[in-house]
Amino acid sequence: MKNVTIMSHLTPEEWKLSWKDKVVEDTKENMKEYQSSSCFWGHFKNSTDFTICHHKEFEIKGMSMGMYFNGTVEWDEKGSKITGSFGKKKTANLFLIAGIVLCLLALIGATLQADREVSIVASVLLIILLVFYLSKPKTGQQRILDQLNKISFDDKFRGKAGGECVNLFL
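Residues numbered from 1 in each chain as written. Predicted model: local features only at pLDDT ≥ 70, side-chain atom pairs only at ≥ 80, totals over all residues. Heavy atoms only, no water.

1. Focus on helix α1 (residues 12–22)
For α1, every residue scored as buried is listed here: Pro 12, Glu 14, Trp 15, Ser 18, Trp 19 and Lys 22. Projection of α1 onto a plane perpendicular to its axis shows the buried side chains occupying an angular sector of 155°, all on one side. (Buried < 20%, exposed > 50% of the residue type's maximum accessible area, 1.4 Å probe, protein only. Helix = DSSP H or I, 4+ residues; strand = E, 2+ residues; numbered from the N terminus. Arc of directions from axis to C-beta.)

In structure tokens:
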């Protein structure tokens with residue numbers, strides 16, 4: 001997985017405000033909003049860890065083969081530090097691995113029985129499944145990175161978070 005680090009001038013609170021402006025929150029209430037449109041959806045797992053994905057119009061979320069970015073937003077002297085890596089949905093990987101194993105078994109069985117037709121079909125399908133399993137589409141990664149950069153460097157959220165310390169004893 002490709003590790004990514006983005007240094008933002010926004011504080012983590014400002015970064016989260018920018019996130020809310022540019023990412024559809026992954027909730028049951030918002031499902032209709034992102035189901036019929038191309039958008040970025042995601043959610044925070046806790047106060048610092050998040051997941052973001054690009055959703056294509058009318059794509060079924062549970063069957064998506066798209067890339068996900070799992071990241072963390074942390075405080076830094078200059079603002080915030082966003083780190084994380086890309087991955088595919090675990091269920092998609094399980095499906096691909098199961099297909100690869102079944103193709104290997106079919107290939108071994110066909111080879112032992114000298115069945116060339118089944119060997120050729122199993123080999124072609126095995127190659128296709130391996131390509132899908134090993135590929136990390138650069139366009140999907142770049143699309144998510146571009147969105148993370150938009151979130152991280154949007155100046156309209158600079159100074160908008162109410163996280164500044166106030167001295168009550170003045």
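2. A word on the side chain of Gln 147
Mapped onto the elements, Gln 147 comes out in helix α5 (residues 138–152). For Gln 147, a relative accessible area of 7% translates into the label buried.

3. Describing the sheet that holds strand β2 (residues 24–25)
Spatially, 6 strands are ordered β1-β6-β5-β4-β3-β2 in an open sheet, and the strand pairing comes out mixed. Only two strands of the sheet have a single neighbouring strand rather than two, namely β1 (3–8) and β2. Sheet contacts for α1: β1, β2, β3 (39–44), β4 (49–55), β5 (67–76) and β6 (79–88); angle to β3, the most-contacted strand, approximately 140°. (Pairing = 2+ DSSP bridges. Contact = heavy atoms within 4.5 Å. Axes fitted to C-alpha atoms, helices over the stretch in contact; angles between N-to-C directions.)

4. Here we look at the pattern of salt bridges
Applying the stated criterion to the full structure yields 4 salt bridges. For the salt bridge of Arg 158 with Glu 14, the shortest nitrogen-to-oxygen distance reads 4.0 Å. Remark: Glu 14 occurs in helix α1 and Arg 158 occurs in the segment after α5; sequence separation between them is 144 residues. Arg 158 sits in the partly exposed class, given a relative accessible area of 45%. (Salt bridge = Lys/Arg side-chain N within 4 Å of Asp/Glu carboxyl O.)

5. Quick word on the pairing of β5
Side-chain direction in a regular strand flips from residue to residue, so the side chains alternate between the two faces of the sheet. Burial within β5 is extensive, with 7 of its 10 residues counted as buried. In this sheet, β5 lies alongside β4 in antiparallel orientation, the contact comprising 5 bridges. Counterpart to Asp 49 in the pairing with β5 is Thr 72. In this structure, the hairpin formed by β5 and β6 is closed by a connection of 2 residues.

6. A few points about unusual backbone geometry
With a phi angle near 60°, Ala 114 is a residue other than glycine that sits in the positive phi range. Within the secondary structure, Ala 114 sits in the loop between α3 (90–112) and α4 (116–134).

7. Some thoughts on the side chain of Asp 76
You can see Asp 76 is positioned in strand β5. One buried charged residue, Asp 76, remains without a salt bridge, the closest side chain of opposite sign being Lys 81 at 6.1 Å. Those residues within four positions of Asp 76 in sequence are excluded, and the remaining contacts are Met 7 and Lys 81. (Lys, Arg positive; Asp, Glu negative; His and termini not counted.)

8. Quick notes on the nonpolar core
Core analysis: the largest hydrophobic core is formed by 18 residues, its most contacted members being Trp 15, Phe 50, Ile 52, Phe 69, Ile 144 and Leu 148. For this core, the elements supplying multiple residues, two or more each, are β1, α1, β4, β5, β6 and α5. In this structure, Ile 52 is in contact with Trp 19, Val 23, Phe 40, Trp 41, Gly 42, Met 67, Tyr 68, Phe 69, Ile 144, Gln 147, Leu 148 and Ile 151, ignoring residues within four places of it in sequence. (Core = buried A, V, L, I, M, F, W, Y, C linked by side-chain atoms within 4.5 Å.)

9. Observations regarding the packing of α3 against α4
Running from amino to carboxyl end, α3 crosses α4 at an angle of 155°, the nearest separation of the two axes being 9 Å. Considering their axes alone, α3 and α4 lie roughly antiparallel with respect to each other. α4 is crossed by α3, and the crossing has left-handed handedness. Facing Asn 93, Leu 96, Ile 97, Gly 99, Ile 100, Cys 103, Leu 104, Ala 106, Leu 107, Ala 110 and Thr 111 of α3, the residues of α4 in contact are Val 118, Ser 119, Ala 122, Ser 123, Leu 125, Leu 126, Leu 129, Leu 130, Phe 132 and Tyr 133. (Parallel < 35°, antiparallel > 145°, perpendicular 65-115°, else oblique. Left-handed = near helix turned anticlockwise from the far one by under 90°.)

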